[in-house]
Structure formats: structure tokens, C-alpha cells
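Remarks on the overall topology
Here are the chains, one letter per residue:
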Amino acid sequence: MNAIKLLDKLRRYAVFGAGEVARILNCNKRYANLVLIRLYNKKAIKRIEFGKYTLCNLAQSIATNLVSPSYITGWYALRFYNLTEQLPQQIDVLTAKKKNRKILIFNEEKIKYLKVNKKHLFEFFNEVSEQYTMNIASIEKTIVDCLYFNLAPLSVIIQAIKIGKEKISEERVKKICLKLKNKQFFKKIGIVFDSSGYDFYNSFKKHLDYNPLFFDKNLCGLLNKTKLKKWGVKCQ
């Protein structure tokens, strides 16, 4: 099979390696690796990391195709949903599987993988990127992830909540938080959303305890100070 036909068959994969080439050519993996090296040296394909190649041009297209299950979230997802005008510094990917390389650089874009408990891997969907699919968090799960894992500056998150007022479902945000069952996080997301015009207190109050949630005093300036006591938040 000539290179043009092989490349045409490889286009069905966002990410491929020796296994895919071996199946197409009906050869062993040693020869398949040799074929991949030749294609790479001719600049016909791009190398992502050891043994992994692609024909994609966008980092977002390969990010969730390298490890499964996984999905894109954080600042990059905020920009995807037009909830911020600020350009993200990297693509944040949550996964339940360990990845040897936690940071990848592809076409000058940084992809960062964060291993989390599998309980966090829900509320994400397939979106088209180039001719492939990528997994990305819903708007609501993006906001929750940003706050839970500190994936974007608080000022960016609060602004995103205000911009997305017509898009964000309050009930979906509440359901996501209740599924996580984290008492301190109820307070964190409660005060942030309360400072943005949403009141989740009646939905969360039975899950709260008397242990205070401490916020950096520099960040407290972004919050509604009249709501701090209500949510058990203290500035330090």
C-alpha cells in the first residue's frame, strides 16, 4: 500500500500508532513503527509523544483521544462557551487514568492532564473538532470544575458566571454539587454564586457544617462581603 492510501485510512483516527498501522497493512508492529518513522521524517504526520501520531492540527482534537475516559474543562472550556474573552494558558483535561506525561505541548499549545477520582467524570459531551470528536464538560460542569480544582482565576470564573447568566442552569449546577458531596465545596460555590446573583443556600444548608471556609483576603474582595457569614466564609 502506498503512503497516500495509508494516510487516507489513518485519517479516521484522531490519534494512531503502530497498532492501527499494523491492522491496516496486516504486518507486525516492528514494521509498522518503521513505517510511522518514515512518514514522520517526511513530515506527513505529526508526533504527539512516543509511539503516538496524528494528522490533526488542533491540540483540542487530540487531548481526549490520548487517554480514556477523559474530558476538557477549565479555562479552555470557558473560552469554548464564550464565557470569557481571555485566552486560556492551557487545555485542562480531567481523567481517572494515570498518564506518564502530565503535560504535552502540541503545535505550541499546552495540554495538562489532571488525574482525579472517577466520581468527577460525568456531565461531559462529544463536540466536533476538525473531523473528529472531543469530550468537553457542560457549561455548568466547567464552572464547577474551575472552582473545585482551581483551574482558572476567581475573577475569571465570577465574570464567566455573570456572562453566562442566560446559559447556565441553576438546577444543573446544584445537582452536580450534590453529587460531589463535599461540605466545604458547598460553601465555596455557594458564596461565589451568591456574589454573582444566585442563591443556593436553601438547597445546600442541610449539607453545611460549622467548620469555616477560609478564603485568601485578596480574593475576598471579589465576593459579596454581606454574604460571607451566611456561608461560613472567613478571610485571612
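Residues numbered from 1 in each chain as written. Predicted model: local features only at pLDDT ≥ 70, side-chain atom pairs only at ≥ 80, totals over all residues. Heavy atoms only, no water.

Our next topic: the pairing of strand β5 (residues 103-106). A regular strand places its side chains on the two faces of the sheet in alternate fashion. Where burial is concerned, the two faces of β5 differ: the one with Leu 104 and Phe 106 is buried and the one with Ile 103 and Ile 105 is not. Pairing between β5 and strand β6 (residues 109-115): four bridges, direction antiparallel. Residue pairing across strands places Leu 104 opposite Ile 111, the latter belonging to β6. (Buried < 20%, exposed > 50% of the residue type's maximum accessible area, 1.4 Å probe, protein only. Helix = DSSP H or I, 4+ residues; strand = E, 2+ residues; numbered from the N terminus. Pairing = 2+ DSSP bridges.)

Let us now look at the packing of aromatic side chains. One pass over the structure, following the stated rule, counts eleven aromatic pairs. Seen from their ring centres, Tyr 201 and Trp 231 are 5.3 Å apart, and the 80° between their planes marks the pair as edge-to-face. On the criterion of sequence distance, the pair formed by Tyr 201 in helix α10 (residues 201-204) and Trp 231 in helix α12 (residues 228-231) is long-range, its members being 30 residues apart. Overall, the relative accessible area of 1% leaves Trp 231 in the buried class. These aromatic residues form a ring-pair network of at least three members: Phe 186, Phe 193, Tyr 198, Phe 200 and Phe 204. In this structure, Lys 165 packs its charged tip against the face of Tyr 198, placed 4.3 Å from the ring centre. (Phe/Tyr/Trp six-rings, centres within 6.5 Å; stacked < 30°, edge-to-face > 60°. Lys NZ or Arg CZ within 6 Å of the ring centre and 35° of its normal.)

Turning our attention to the nonpolar core. Core analysis: the largest hydrophobic core is formed by 66 residues, its most contacted members being Ile 111, Ile 143 and Ile 189. Those residues in contact with Ile 143, other than ones at most four positions away along the chain, are Leu 78, Leu 83, Ile 157, Ala 160, Ile 161, Ile 168 and Phe 193. Of all hydrophobic cores here, the second largest spans 15 residues; its members include Leu 6, Phe 16, Ala 22 and Val 35. (Core = buried A, V, L, I, M, F, W, Y, C linked by side-chain atoms within 4.5 Å. Contact = heavy atoms within 4.5 Å.)

Next up on the list: unusual backbone geometry. Here the residue pair Ser 68 and Pro 69 is connected by a cis peptide bond, since its omega of 0° sits within 30 degrees of zero. With respect to the element layout, Pro 69 can be found in the loop between α4 (59-63) and β3 (70-73). Unlike most non-glycine residues, Lys 43 shows phi in positive territory, near 60°. Positionally, Lys 43 belongs in the loop between α3 (29-41) and β1 (46-49).

Here we take up α3. Between the first and last C-alpha of α3 there are 18 Å, a value that for 13 residues agrees with the 18 Å anticipated at 1.5 Å per step. Residues Ala 32, Val 35, Leu 36 and Leu 39 constitute the buried set of α3. All buried residues of α3 project into a common sector of 100° when viewed along the axis, lining one side. Among the exposed residues of α3, those oriented more than 90 degrees off its buried face are Arg 30 and Asn 41. Lining the buried residues of α3 we find α1 (3-10), α2 (18-25) and β2 (52-54). Where α3 begins, the capping side chain belongs to Asn 28, and its oxygen is found 3.2 Å from the backbone nitrogen of Arg 30. Trailing α3 by a residue or two, Lys 43 shows a phi angle of about 60°, which is positive. (Expected span 1.5 Å × (residues − 1). Arc of directions from axis to C-beta. Polar contact = N/O pair within 3.5 Å; in protein donor to acceptor, adjacent residues only side chain to side chain.)

Taken together, the side chains of Lys 98, Lys 102, Lys 110, Lys 112 and Lys 115 define a basic patch exposed on the protein surface. Here Lys 112 is to be found in strand β6. (Patch = residues over 30% accessible without salt bridge, like charges linked within 9 Å, V, L, I, M, F, W, Y side chains within 5 Å. Areas by Shrake-Rupley, 256 points an atom, 1.4 Å probe, with all protein chains shown as cover. Salt bridge = Lys/Arg side-chain N within 4 Å of Asp/Glu carboxyl O. Lys, Arg positive; Asp, Glu negative; His and termini not counted. Charge placed at Lys NZ, Arg CZ, Asp CG, Glu CD.)

Inspection of every chain in the model, using the stated rule, returns one disulfide. Here Cys 220 is linked by a disulfide to Cys 235, with a sulfur-sulfur distance of 1.9 Å. Across the S-S bond linking Cys 220 and Cys 235, the dihedral sits near -105°, which makes this disulfide left-handed. With Cys 220 in helix α11 (residues 217-220) and Cys 235 in strand β10 (residues 233-235), the pair connects residues that are 15 residues apart, well separated along the chain. No disulfide involves Cys 146; its sulfur sits 13 Å from the nearest other cysteine sulfur, which is in Cys 177. (Disulfide = S-S within 2.5 Å.)

This part takes up the packing of helix α6 (residues 139-148) against helix α8 (residues 170-180). At their nearest, the axes of α6 and α8 sit 9 Å apart, and the two run at 45° to each other. The angle between α6 and α8 places the two elements in the oblique class. In this structure, the crossing between α6 and α8 has a hand that is right-handed. Residue-level inspection shows Glu 140, Lys 141, Val 144 and Tyr 148 of α6 in contact with α8, the latter providing Arg 172, Val 173, Ile 176, Cys 177 and Leu 180. Grouping the constituent residues of the contact of α6 with α8 by class yields six nonpolar, no polar and three charged. (Axes fitted to C-alpha atoms, helices over the stretch in contact; angles between N-to-C directions. Parallel < 35°, antiparallel > 145°, perpendicular 65-115°, else oblique. Left-handed = near helix turned anticlockwise from the far one by under 90°. Nonpolar A, V, L, I, M, F, W, Y, C, P; charged D, E, K, R; others polar.)

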